[in-house]
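Fold and geometry: a report
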Amino acid sequence: MKEKIYTIPLSDAFAEPCECPFCVLEKKLEAEQVTYALGASMMEPDSRILSNEKGYCRRHFEQMSREGKALSLGLVLDTHLNQLIRELEAASSAPKAKGGLFKKATEKDPVIDVLETNQTSCLICDKLEHTLEKFAEVFWYLYKNEPDFKEKVSGCQGFCLPHFKLLLACADHELSGKTLEDAKAEVTALELTHLKRINDEVNWFTKKFDYRNQNEPWGNSKDAPQRAMEKLSKFL
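The following refers to the structure shown.

Cut-offs applied
- Residues numbered from 1 in each chain as written.
- Predicted model: local features only at pLDDT ≥ 70, side-chain atom pairs only at ≥ 80, totals over all residues.
- Heavy atoms only, no water.
- Salt bridge = Lys/Arg side-chain N within 4 Å of Asp/Glu carboxyl O.
- Helix = DSSP H or I, 4+ residues; strand = E, 2+ residues; numbered from the N terminus.
- Expected span 1.5 Å × (residues − 1).
- Buried < 20%, exposed > 50% of the residue type's maximum accessible area, 1.4 Å probe, protein only.
- Core = buried A, V, L, I, M, F, W, Y, C linked by side-chain atoms within 4.5 Å.
- Phe/Tyr/Trp six-rings, centres within 6.5 Å; stacked < 30°, edge-to-face > 60°.

Examining the pattern of salt bridges
One pass over the full model with this rule turns up 14 salt bridges. Between Glu19 and Arg197 there is a salt bridge, with the nearest N and O atoms lying 2.9 Å from each other. A residue pair is termed long-range when its members are at least 10 positions apart, and Glu19 in the loop between helix 1 (8-14) and helix 2 (21-37) and Arg197 in helix 10 (residues 177-207) qualify at 178 residues. Note that Asp126 is salt-bridged to Lys54, the shortest N-O span being 2.9 Å. Note that Asp126 is positioned in helix 7 (residues 123-145) and Lys54 in helix 3 (residues 45-54), a separation of 72 residues in sequence. Overlapping salt bridges bring together Glu19, Arg197, Glu201, Asp223, Arg227 and Lys231 as one network.

So, in structure tokens, the structure goes:
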């Protein structure tokens, strides 16, 4: 396969033994975004505006706090808090909707609107979602056009369910007609094969607690519950 700059991260992820190559890719992208948020991003006005508006979820704030860049984190928090306070002050002083004689006001409190937006927005989460969608499209492009990559996919251990869903949802961005149907069927068959494989491993894990099996080999089942959890959900 002739690799290009935008295919290398995906190809590298499929080279690692794991339950989901897209989880490997997402972890790498996430680490890069956390580092960027406390470094180069602070020097770019457009990035600072987005950082102030969207803020970050608790997970990514915690990761940023472990980066060891106390001043950078303090500046991010300071400007984000300034923006949030301004929005709350404006919302709290906005005219309230009034109900009629027999009718209650149904307009949502603007302060609640600001709080809901703040609690559900995260600049890093948004960037990860957008970037992973693009890589899902690259996945199908390579699957269709690069036999070597298709062979890599057939040799992987499937995907976590959220990333499997993402792949299926993005398939029609690059494929159509029978090619689309066949490719989705092939990847779904791969996923089912590995769901059954890990189910068997978890099943043997439980049976190893029966005294009659205590001298039987574990096989691949010692860490099966952990890998099953990875398969059923994202790494988050």
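So much for the structure itself; the text now carries on.
Quick notes on helix 7
Two residues of an α-helix separated by three or four positions point the same way, owing to the 3.6 residues in each turn. In a regular helix each residue adds 1.5 Å, so 23 residues correspond to 33 Å; helix 7 covers 33 Å between its end C-alpha atoms and thus fits that length. When helix 7 is considered as a whole, its buried residues turn out to be Leu123, Ile124, Leu128, Leu132, Phe135, Ala136, Glu137, Val138, Phe139, Trp140, Leu142 and Tyr143.

Quick look at the nonpolar core
Ranked by size, the top nonpolar core spans 43 residues in total, and within it Leu10, Phe14, Phe22, Phe139, Trp140 and Phe159 carry the most contacts. Only helix 1, helix 2, helix 5 (70-92), helix 7, helix 8 (147-154), helix 9 (161-170) and helix 10 provide two or more residues apiece to this core. If you tally residues by element for this core, the top one is helix 7, at eleven residues.

Description of the packing of aromatic side chains
If you walk through the whole model with that rule in mind, you get 13 aromatic pairs. Relative to Phe149, the ring of Phe14 lies with its centre 5.2 Å away and its plane at 70 degrees, an arrangement referred to as edge-to-face. On the criterion of sequence distance, the pair formed by Phe14 in helix 1 and Phe149 in helix 8 is long-range, its members being 135 residues apart. Seen in terms of ring centroids, Phe139 and Tyr143 are 5.9 Å apart; in terms of plane orientation they differ by 20 degrees. Their pairing is stacked. Placement of both Phe139 and Tyr143 in helix 7 is noted, with a separation of four residues, approximately one turn of the helix. Judged by relative accessible area, Phe139 falls into the buried class, the value being 0%. Taking relative accessible area as the criterion, Tyr143 reaches 9% and is therefore assigned buried. In textbook terms, an aromatic cluster arises when at least three aromatic residues are bridged by ring pairs, as seen for Phe14, Phe22, Phe139, Trp140, Tyr143, Phe149 and Phe159.

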